[in-house]
Amino acid sequence: RIVVLDFGSQYSHLICRRIREFSVYAELVPYDITLGELEGRNPKGIILSGGPSSVYSADAPVPAAGIFDLGLPVLGICYGHQVIVDRFGGRVKRANREYGSSLLTVDDDGSLLGGIGRSVRVWMSHGDEAEQIPPGFQIIGHTSNARAAAIAGTDRPVYGIQFHPEVVHTQKGTEILKNFVLKICGARQDWTMEAFVDRAVGEISGIQGRVLCGVSGGIDSTVAALLIHRAIGDRLHGVFIDNGLLRQDEGDEIEAIFRDNFHVNFTAVSAAERFLEGLRGVADPEAKRKAVGEEFVRVFSEFAERNGPFSWLAQGTLYPDVIESGVSKGPAAVIKSHHNVGGLPDWLDLKVLEPLRDLYKDEVREIARILGVPDRIVRRHPFPGPGLAVRIIGEVTPAKLRVARTASRIVEDVLLEAGVYDDVWQAYAAVGDDRAVGVVGDERRYGSIVMVRVVNSVDAMTADWTRLSHETLERISNRITNEIEDVTWVTYTISSKPPATIEPQ
Ligand code: XMP
């Protein structure tokens, strides 16, 4: 495996993902991991990520002294490059901020930059640069701005590059990472999802007691439940809570998959009335989220109490969520235990089982295919926990729910027909209390305004509205006004995030 020390770059996860794409396990650890912990992971090589700091500032983050004495290859990227320059006695200085594409000229194609040609476009994002390289290092690549854009130790396997090989804008970035990981470190390409499934099933089958898994219809909880089911069969109980705020047919579909396709011990709890009661008169967005969240905990706890005892609560937590809350334990540890999870009461005394905690989303998708999860679930857009409650502006009423649900289904259907569903992040229709006059036949009608929102995004942190074709927009509008009697106007939201968010509430 390769260990990536995280100095806080927005691209740190991307380094791991790129390496995993060529079947080598890579994990992200905090930059201040101790030497003992690092050695315990038995890495084949170490990568120092980029980060926002300056090595010459007083509180600059530095890795444990001694990581360069382990005899392992080390690659520093951006800030990591500067850490190496500084550590071995070179000099880093403030430079003109450089952001974007530069042309890298390869001066030595012997090792790290082998096989990528004489010059490639690389992605730069830095404010400091190596002014003087340390003794014992040579320059292996330069740009017009950075004389020492890539350096290599002459008698030790230590490399530094100022640019980011992990981003797609760097040509041959994957080749550079492969040169380091495969040729220089000699890491094995044994990280496959088939192997992961076998290993996870083996580990989970060793646990004692019964496991409760809340499934939402989303891919993460579905895959988590099916993986555990493969390991312990009927000792898994899947529970799906129908809160009345779901997409059209979602509850029936998920029940059919779990019960009929996979023969999982499965209960669908119909709790729509309770949730809608809790939402009555509530118009504030945060208050709605709170009402739905609290009701969920109540319904879930009641179910657990009545159908227990359970020893474990399974969750579909993914790697990026884990790393934000601390150090990952690596692929050998799919089991983490602590109490009071997700707001559930202590008396339930559940330990947490998170079989996907080492995986990225695209890896979960691959496992879904291996396990035979229907394509519809694998492709389905993400959906917020509070469901249609956050796609309805103002109070949630049965009438507005009907409009939001039916219109959203139409939006999805039209995008599927047009072949663009898989290209967008989310697509739905929202509704509020605003009305507009329309004419139907000879009659004037004062009907609802529906807001269609379709966005592109990579990670939901930022999003851009999708430039749908006019024909597709027209089809969406026609179908909504024809098929939903109350609706007279259809609008398309063209706000990006920021300043807007993806959901309107
Ligand atoms: P926003 O609206 O903040 O949404 O741009 C970003 C992403 O998160 C989803 N979302 C939620 N998911 N519970 C969830 O599980 C929530 O309360 C929630 N609010 C927003 C949203 O659908 C989008 O993908």
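Residues numbered from 1 in each chain as written. Predicted model: local features only at pLDDT ≥ 70, side-chain atom pairs only at ≥ 80, totals over all residues.

**Some points on the pairing of strand 2 (residues 26-30)**
- Here five bridges tie strand 1 (residues 2-6) to strand 2, and the two strands are oriented parallel to one another. Paired with Ile 2 across the two strands is Ala 26, which belongs to strand 2.
- Following the backbone out of strand 1, through helix 1 (residues 12-21) and into the adjacent parallel strand 2, one traces a crossover that is right-handed. (Pairing = 2+ DSSP bridges. Helix = DSSP H or I, 4+ residues; strand = E, 2+ residues; numbered from the N terminus. Right-handed = clockwise from strand over helix to strand, strands pointing away.)

**Examining the packing of helix 13 (residues 398-418) against helix 14 (residues 470-483)**
- Running from N to C, helix 13 and helix 14 point in directions that differ by 145 degrees, and their axes come no closer than 9 Å. Helix 14 is crossed by helix 13, and the crossing has right-handed handedness. Taking contact as the criterion, the partners of Thr 406, Ala 407, Ile 410, Val 411, Val 414 and Ala 418 in helix 13 are, on helix 14, Thr 472, Arg 475, Ile 476, Arg 479, Ile 480 and Glu 483.
- For the contact of helix 13 with helix 14, the class distribution of residues is seven nonpolar, two polar and three charged. (Axes fitted to C-alpha atoms, helices over the stretch in contact; angles between N-to-C directions. Left-handed = near helix turned anticlockwise from the far one by under 90°. Contact = placed C-beta atoms within 7 Å. Nonpolar A, V, L, I, M, F, W, Y, C, P; charged D, E, K, R; others polar.)

**As for the domain arrangement of the chain**
- Looking at the assigned domains, one finds that the chain contains domain 1 (2-184), domain 2 (193-379) and domain 3 (392-492).
- Each of domain 1 and domain 3 has a C-alpha centre, and the two are 47 Å apart. (Domains from an automatic or database assignment.)

**Remarks on the packing of helix 6 (residues 219-232) against helix 11 (residues 361-371)**
- Across the interface, helix 6 lies against helix 11 with an axial gap of 10 Å and an inter-helix angle of 50 degrees. For the element pair helix 6 / helix 11, the angle class is oblique. For the pair helix 6 and helix 11, the crossing hand works out as left-handed. On helix 11, the residues touching Ile 219, Asp 220, Val 223, Leu 226 and Leu 227 of helix 6 are Val 364, Arg 365, Ile 367, Ala 368 and Leu 371.
- Looking at the contact of helix 6 with helix 11 residue by residue, the class counts come to eight nonpolar, no polar and two charged. (Parallel < 35°, antiparallel > 145°, perpendicular 65-115°, else oblique.)

**Here we look at the environment of Gly 244**
- Here Gly 244 lies in the loop between strand 11 (236-242) and helix 7 (250-261).
- Separated by 55 residues in the primary sequence, Gly 244 and Gln 189 place their C-alpha atoms 46 Å from one another.
- Discounting chain neighbours no more than four positions away, the residues touching Gly 244 are Ala 272, Phe 275 and Leu 276.

**A look at the pairing of strand 9 (residues 158-161)**
- Judged by which residues are buried, strand 9 turns out to be covered on both faces: Val 158 and Gly 160 on one side and Tyr 159 and Ile 161 on the other are all buried.
- With four bridges connecting them, strand 4 (residues 74-77) and strand 9 associate as parallel partners. When the bridges of strand 9 are listed, Leu 75 appears paired with Tyr 159.
- Bridge count between strand 8 (residues 150-153) and strand 9: three bridges; the pairing is antiparallel. (Buried ≥ 20, exposed ≤ 12 C-beta atoms within 10 Å, placed from the backbone.)

**Quick notes on the site of the ligand**
- In the vicinity of the ligand, the contacting residues are Arg 289, Pro 382, Pro 384, Gly 385, Pro 386, Val 390, Gln 426, Ala 460, Lys 497, Thr 501, Ile 502 and Glu 503.
- Residue classes in the shell around the ligand are distributed as six nonpolar, three polar and three charged. (Near = placed C-beta within 6 Å.)

**Overview of the sheet that holds strand 8**
- The nine strands are arranged 2-1-3-4-9-8-7-5-6 in an open sheet whose pairing can be described as mixed. Sheet topology places strand 2 and strand 6 (119-132) at the edges, where each strand pairs with a single neighbour. Along the sheet, successive strands turn relative to each other by an average axial angle of 25 degrees, direction set aside.
- Sheet analysis places strand 3 (residues 45-48) next to strand 4, joined by three bridges and oriented parallel. Looking across to strand 4, one finds that Leu 48 is bridged to Gly 76.
- Where helix 1 meets the sheet, it contacts strand 1, strand 2 and strand 3, and its direction lies at approximately 160 degrees from that of strand 2.

**Side note on the environment of Arg 380**
- For Arg 380, the location among the structural elements is in the loop between helix 12 (375-379) and helix 13.
- We classify Arg 380 as partly exposed; it has 18 C-beta atoms within 10 Å.
- C-alpha separation for the pair Arg 380 and Thr 472, spaced 92 residues apart in sequence, amounts to 19 Å.

**Comments concerning the UniProt feature "binding site: ATP" (unreviewed entry) in the chain**
- When the UniProt feature table is mapped onto this chain, "binding site: ATP" (unreviewed entry) is found at Ser 216, Gly 217, Gly 218, Ile 219, Asp 220, Ser 221 and Thr 222.
- Relative to the assigned elements, Ser 216 resides in the loop between strand 10 (211-214) and helix 6.
- When the 18 C-beta atoms within 10 Å are taken as the criterion, Ser 216 is described as partly exposed.
- Inspection of the secondary structure puts Asp 220 in helix 6.
- Taking the number of C-beta atoms within 10 Å as the measure of exposure, Asp 220 has 20 and is therefore buried.
- Not counting residues within four places of it along the chain, the set of residues in contact with Asp 220 comprises Gly 316, Leu 318, Leu 356 and Val 364. (UniProt positions renumbered as here; feature names shortened; annotations may be inferred.)

**Things to note about the nonpolar core**
- One finds Val 223, Ile 228, Ala 314, Ala 407, Val 411, Ala 429 and Val 450 to be the most contacted residues of the largest nonpolar core, which totals 79 residues.
- When residues are assigned to domains, this core turns out to be shared by domain 2 (193-379) and domain 3 (392-492), each giving three or more.
- In this structure, Val 223 is in contact with Gly 316, Leu 356, Val 364, Ile 367, Ala 368, Leu 371 and Val 373, ignoring residues within four places of it in sequence.
- Counting residues in each nonpolar core, the second largest holds 58 residues, with Ala 26, Leu 28, Val 120 and Ala 152 among its members. (Core = buried A, V, L, I, M, F, W, Y, C linked by C-beta atoms within 7 Å.)

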